[in-house]
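Structure assessment
Listed below, chain by chain, are the residues.
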Amino acid sequence: MKKFAKMSLVAALAVAGTAASAQPLAEAIKNVDVSGTVVYRYDDRSFDDNQKDVSKNNYKIGLTAKSKVNDDVTAVTRFIIGSDTNAGFIGLDNTNESDGQVNVTLSNVYFSYTGIANTTVNVGKQGLTTPWTVAVDSDGNEQTGTGILALTNVGPVTLAGAYFNQTNLNKSTDASISGSKALGAATVKLYDSKTDISQLDGANNVITVGAMANIGPVALDAWYLDMQDTFDTYTLGAAAKFDLDAVQLSVGARHTQLDFDKEFSKALSKEDNSLTKIMLGAKMGIFSANVNYGWTDSEGGLVALDNDAKTGMQGWTVQLNGVADAEYLQVKAGAQVLDSLKLSVNYHQLDQDKDATTTGKDQKSTELYLQADYQMSKNFGGYIRFGEQEIEDGRTSNGNDLDGTIGRLQVQYSF
């Protein structure tokens, strides 16, 4: 299938190149490396308030083609078969909609230069490779921009710098500012033009610099990012792994601060935002366990432009990014019962202080679910989830707690 994909995607370009440069078709195809993912997801959620019920078929294909131009330059393109606005899933509501077709869009097109020792420079339309964004995701939305990104290694340190004069952040972000109803229908989408707050401008320039280093078993990173007339932010992270024979331990921590510019923050009333998290993990034989804990500032907790980014803290239906004055606990216990099968139980709890809510009451949201991961082969697998979610304090039309069951099936093929 990989050879067929190469033929189908580059044949037309290769034929055109044959006429322009007299390069044989076989040679043109030989220099192209194609990789990607095909994902199908079915989500089903049923709540006390049936207006929140969800039943969707979701599809996404991401395909990256790299063509070697010469010894120093590689041309890179990425195509998305899915959402043509945020490069994520295309979802078809199987309860109220019929089947439909999916558009093909060009997400990335850039040149990668490696002619300088220990250095890579990418120029063009590419993924936003920062801790606040997700540049490439097999089953989620992606942030992209047009500009230049440079990475260089200096001993154990990697330095990064980037400038983008255009991004898709006004459409691709899934971050939101949430107040008293953080997970309910009243959630305010930060960058939704239909709201009465300032909209993030995808034409604004973005500048970022970063440094990453490995010192023994510890990996450190520090980044700064500024978005023109909108905000500036920094993040500091550390992670380490220790092999103690029978037990493998992992520890990590990250602190992120994001400050909106005064003019932008007037509409938000949330100028200063921070999120801090600590991650602990252990593995012994077939068993594993993880405990993560995070908290946000009393004024605001919006520090990631994608909830799946490193600076955020994401669960399944419960997440911390964008929730002010809150604490978030994640607990996971798993067992690798077979080489191809892993079972786990997951519990997530989000507590928001009453001072950050309009109701004047503490609010708690929880989710508990079982998950089975099955890897049939190296390039084909998926998982099944089933559990329940509870959102306290007046999230339904009759003012009661919102309780419901949540389920998901996902299948992924990589090539």
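Keep in mind that what you see is a predicted model, and the values were worked out from it rather than measured. (Residues numbered from 1 in each chain as written. Predicted model: local features only at pLDDT ≥ 70, side-chain atom pairs only at ≥ 80, totals over all residues. Heavy atoms only, no water.)

**A short note on unusual backbone geometry**
Positioned with a positive phi, N118 is a non-glycine residue whose angle comes to about 60°. Position of N118 relative to the elements: it lies in the loop between β5 (104-113) and β6 (119-127). A residue is classified by how much of its surface remains accessible, and N118, at 55% relative accessible area, is exposed. Positioned with a positive phi, D325 is a non-glycine residue whose angle comes to about 50°. With respect to the helices and strands, the residue D325 is situated in the loop between β16 (287-296) and β17 (326-335). (Helix = DSSP H or I, 4+ residues; strand = E, 2+ residues; numbered from the N terminus. Buried < 20%, exposed > 50% of the residue type's maximum accessible area, 1.4 Å probe, protein only.)

**Overview of the pairing of strand β21 (residues 402-414)**
When strand β1 (residues 32-47) meets β21, the two strands line up antiparallel, connected through eleven bridges. Across the sheet, residue R41 finds its bridge partner in β21, namely Q410. Bridge count for strand β20 (residues 380-391) against β21 is twelve bridges, and the pairing is antiparallel. Looking across to β21, one finds that E388 is bridged to T405. (Pairing = 2+ DSSP bridges.)

**Examining the pattern of salt bridges**
On inspection of all chains with the given rule, the structure shows six salt bridges. Across the salt bridge formed by R41 and D139, the nearest N and O atoms sit 3.2 Å from each other. Linking R41 in strand β1 with D139 in the loop between β6 and β7 (144-154), this pair joins segments that are 98 residues apart in sequence. Between E142 and R78 there is a salt bridge, with its nearest N and O atoms 2.9 Å apart. Pair noted here: E142 is in the loop between β6 and β7 and R78 is in strand β3 (residues 73-81), with a separation of 64 residues, a long-range link. Take E142 and R78: they sit in the same class, and that class is buried. (Salt bridge = Lys/Arg side-chain N within 4 Å of Asp/Glu carboxyl O.)

**Concerning the nonpolar core**
Counting 27 residues, the largest nonpolar core has L169, M227, F231, L320, Y328 and L350 as the members making the most contacts within it. Taken together, the elements giving at least two residues each to this core come down to β8 (157-167), β12 (218-227), β14 (247-260) and β17. In this view, L350 contacts V318, Q319, L320, V323, A326, E327, Y328, Q363, K364 and S365; residues no more than four positions away in its chain are not counted. F47, Y369, L402 and I406 belong to the second largest nonpolar core, which has six residues in total. (Core = buried A, V, L, I, M, F, W, Y, C linked by side-chain atoms within 4.5 Å. Contact = heavy atoms within 4.5 Å.)

**Focus on the confidence of the model for the chain**
Predicted confidence across the chain gives a mean pLDDT of 85, with 80% of residues reaching 70 or more. Low confidence marks residues 1-21, where pLDDT is under 50. Its contacts with residues over four positions away, or in another chain, come to 22 contacts. Confidence drops under a pLDDT of 50 for residues 179-198, and excluding neighbours within four residues, the segment shows 56 contacts in the predicted structure. (pLDDT = per-residue confidence, 0-100.)

**As for the packing of aromatic side chains**
Under the counting rule described, the total for this entry stands at five aromatic pairs. For the ring pair Y40 and Y59, a centre distance of 5.5 Å and an interplane angle of 45° mean the geometry is tilted. With a gap of 19 residues between them, Y40 in strand β1 and Y59 in strand β2 (residues 54-68) connect regions that are remote in the sequence. According to the relative accessible area criterion, Y40 is partly exposed, its value standing at 27%. Note on Y293 and W295: the rings are 5.5 Å apart at their centroids and 40° apart in plane angle, and the pair reads as tilted. (Phe/Tyr/Trp six-rings, centres within 6.5 Å; stacked < 30°, edge-to-face > 60°.)

**Regarding the pairing of β6**
Examined bridge by bridge, β5 and β6 share five bridges and lie antiparallel to one another. By the bridge assignment, Y110 is partnered in β6 with G124. Here β5 hands over to β6 after five residues, with N118 in that stretch at a positive phi of 60°. Sheet topology note: the β6/β7 ladder contains nine bridges and is antiparallel. Bridge assignment links V123 to a residue of β7, and that residue is I148.

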